[in-house]
Amino acid sequence: MIFRAAKRAFPLHERTLTDWTNKHKAASIPAASGRAFPQEFIKRRPLGLTAAKRQSRLPCAYCTKIRLTRQFTVFPTKSAVLAALCDTHYNRNNNAERTRIDRMSIKLIALDMDGTTLCSDHHTISQENLDAMADAAAQGILIVPATGRICNRLPEIIEAQPWLRYAVTVNGAAVTDLHTGKSLYKNPLKRTVALQVFDLVEPYPIFIEIYCDGLDYIEERRMPYFSELPISEERRSMMLRGRCFVESQRAFLEETDGAIEKFNLPYLEDDLRLTINKQLSALDGVTLTSSIAKNIEVNAAGADKGDGLAHLCAHLGIAPDEVLAIGDGENDLTMLQFAGMSAAPANACEQARKLAGWIAPSNNESAVARALEHYHII
């Protein structure tokens, strides 16, 4: 309320800021996503520190005292933040004041799981990361897993946390209130498109997973391919959670009334991956991405983590500038673009590192905890 009051008090300054923002809007998300990002979600570039004394009866943003002289300040955060400050608080160390405003502005932290929050074994979470998430949650900040996994495969240690409420899953194709089990948003594949995808990949000697309404449907005849996957026993056990066997995946696609969320083709050989990816790219109505380097993941057109996160934020009344996103993979790019603040671990793909506002140490070095420290959240 104080910030809004400050903006109303100085319409000329606000208009100048608006003109600057419109002039310097960042480019939209990469063309590979297949769609333009809504203008209201495009990030604004940082502003330099400026100040102008004004005569006003506005309360200070920190001490709320009414004084005649006010400092109207734009702090160089990831997005513009306006604040009316009294002389006492303005004259404090600017970095300390910026830290407090940065910390006040974040209401939701979206965390990729594999390659970011989890260690490279896709199973372990460092105690530092757990403590950092708990500290942020204790401040009233929502911690939201944003993952390519289905709901039934969220890390068990994350599921056990008392602060967990919402999840963005299957690369943004589903958003769920985990307390009530209510689906807040879905963007499934059309049945005709899903059948086209299946007919294209079915002849290949690969393991095929079909995610539908939070469960994984596979054919038992393809289990030998699963046994050959180069993964640890812990990950193999995780991939068995939420699994349903069907005699025919094609018949299942023809008959199901559920939401077909994603096809997952895990751990493909490089040549085969390139071949299948090229064929799938020719289809309409799909988004191709990957959470792990050797995967191909097929979602509906427009289904991505940025889209799922945008719908969750709209449901909660949270602005993009109030979101911190941390991710490492190709499927995290739109989420990093959506959020007002972002970070990527050192092990992230090149595109994620370019988009992120800060590069943290690797996922094996408590990347989440380091990012929350960097942005003054803990």
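This one's a predicted model, so the numbers in the text were calculated from it and none came from an experiment.

**Here we look at the overall build of the protein**
Then comes step 1: Secondary structure assignment for the protein yields 16 helices and 17 strands.
Then comes step 2: Out of the 378 residues belonging to the protein, those deemed buried represent 55%.
Then comes step 3: A fraction of 60% describes how many contacts in the protein between residues 6 or more apart in sequence connect residues 24 or more apart.
Then comes step 4: In the form shown here, the protein has an accessible surface area of approximately 16,600 Å², with 51% of it arising from carbon and sulfur atoms.

**So, the packing of aromatic side chains**
Then comes step 1: Summed over the entire model, instances satisfying the criterion amount to two aromatic pairs.
Then comes step 2: Ring centres of F207 and F226 lie 5.1 Å apart, and the angle between their planes is 40 degrees; on these two criteria the pair is classed as tilted. Of this pair, F207 sits in the loop between α8 (191–201) and β9 (209–212) while F226 sits in helix α9 (residues 223–227), placing them 19 residues apart in sequence. By the burial criterion, F207 is buried, and F226 matches it.
Then comes step 3: Between Y217 and F252, the aromatic rings sit 4.1 Å apart at their centres with planes inclined by 20 degrees, giving stacked as the arrangement. Of the two residues, Y217 sits in strand β10 (residues 215–219) while F252 sits in helix α11 (residues 249–255), which places them 35 residues apart along the sequence.
Then comes step 4: Given a relative accessible area of 12%, F252 falls into the buried group.
Then comes step 5: Over the ring of F226 we find R236; its NZ or CZ atom is 5.5 Å from the centre of that ring.
Then comes step 6: Stacked on the ring of F226, the Lys or Arg R243 has its end atom at 4.8 Å from the ring centre.

**A word on the sheet that holds β9**
Then comes step 1: Taking strand neighbours across the sheet as the criterion, the six strands line up as β11-β10-β9-β12-β14-β13 in an open arrangement whose pairing is mixed. The sheet terminates laterally at β11 (243–246) and β13 (286–289), the two strands that pair on one side only. This sheet shows a mean twist of 25 degrees between the axes of neighbouring strands, independent of strand direction.
Then comes step 2: The pairing of β10 with β11 spans four bridges and is classified as parallel.

**Re the pattern of salt bridges**
Then comes step 1: In total, this model carries 24 salt bridges according to the counting rule given.
Then comes step 2: Taking the shortest distance from any N to any O, the salt bridge between E219 and R221 comes out at 2.6 Å.
Then comes step 3: Taken together, the salt bridges that share partners define one network made up of R153, E209, D216 and R243.

**Details of the packing of α8 against helix α12 (residues 270–281)**
In helix packing, the relevant descriptors are the interaxial angle and the interaxial distance, both defined with respect to the helix axes.
Then comes step 1: The contact between α8 and α12 brings their axes to 11 Å, and the two run at 150 degrees. The pairing of α8 with α12 is recorded here as roughly antiparallel in orientation. As for the relative orientation of α8 and α12, their crossing is right-handed in sense. Each of V197, L200 and V201 in α8 lies in contact with α12, whose residues at this interface are I276, Q279 and L280.
Then comes step 2: Broken down by class, the residue content of the contact of α8 with α12 amounts to five nonpolar, one polar and no charged.

**Considerations on the sheet that holds strand β15 (residues 323–326)**
Each strand in a sheet pairs with another by means of backbone hydrogen bonds, the pair being arranged parallel or else antiparallel.
Then comes step 1: One open sheet accounts for five strands, arranged β5-β4-β15-β16-β17; its pairing is parallel. Each of the sheet's edge strands pairs with one partner strand only, and the pair in question is β5 (142–145) and β17 (359–360).
Then comes step 2: The pairing of strand β4 (residues 108–111) with β5 spans four bridges and is parallel. Of the residues in β5, the one forming a bridge with I109 is I143.

**Considerations on the side chain of Q249**
Then comes step 1: Inspection of the secondary structure puts Q249 in helix α11.
Then comes step 2: Within polar-contact distance, the side chain of Q249 engages the backbone oxygen of I208 at 3.0 Å.
Then comes step 3: There is a polar contact of 3.0 Å between the side chain of Q249 and the backbone oxygen of Y217.
Then comes step 4: What Q249 contacts, discounting residues up to four positions off in sequence, is F198, I208, I210, Y217, I218, E219 and R222.

Analysis parameters
- Residues numbered from 1 in each chain as written.
- Predicted model: local features only at pLDDT ≥ 70, side-chain atom pairs only at ≥ 80, totals over all residues.
- Heavy atoms only, no water.
- Helix = DSSP H or I, 4+ residues; strand = E, 2+ residues; numbered from the N terminus.
- Buried < 20%, exposed > 50% of the residue type's maximum accessible area, 1.4 Å probe, protein only.
- Contact = heavy atoms within 4.5 Å.
- Areas by Shrake-Rupley, 256 points an atom, 1.4 Å probe, with all protein chains shown as cover.
- Phe/Tyr/Trp six-rings, centres within 6.5 Å; stacked < 30°, edge-to-face > 60°.
- Lys NZ or Arg CZ within 6 Å of the ring centre and 35° of its normal.
- Pairing = 2+ DSSP bridges.
- Axes fitted to C-alpha atoms, helices over the stretch in contact; angles between N-to-C directions.
- Salt bridge = Lys/Arg side-chain N within 4 Å of Asp/Glu carboxyl O.
- Parallel < 35°, antiparallel > 145°, perpendicular 65-115°, else oblique.
- Left-handed = near helix turned anticlockwise from the far one by under 90°.
- Nonpolar A, V, L, I, M, F, W, Y, C, P; charged D, E, K, R; others polar.
- Polar contact = N/O pair within 3.5 Å; in protein donor to acceptor, adjacent residues only side chain to side chain.

Limitation: the analysis is restricted to geometry and does not speak to function.
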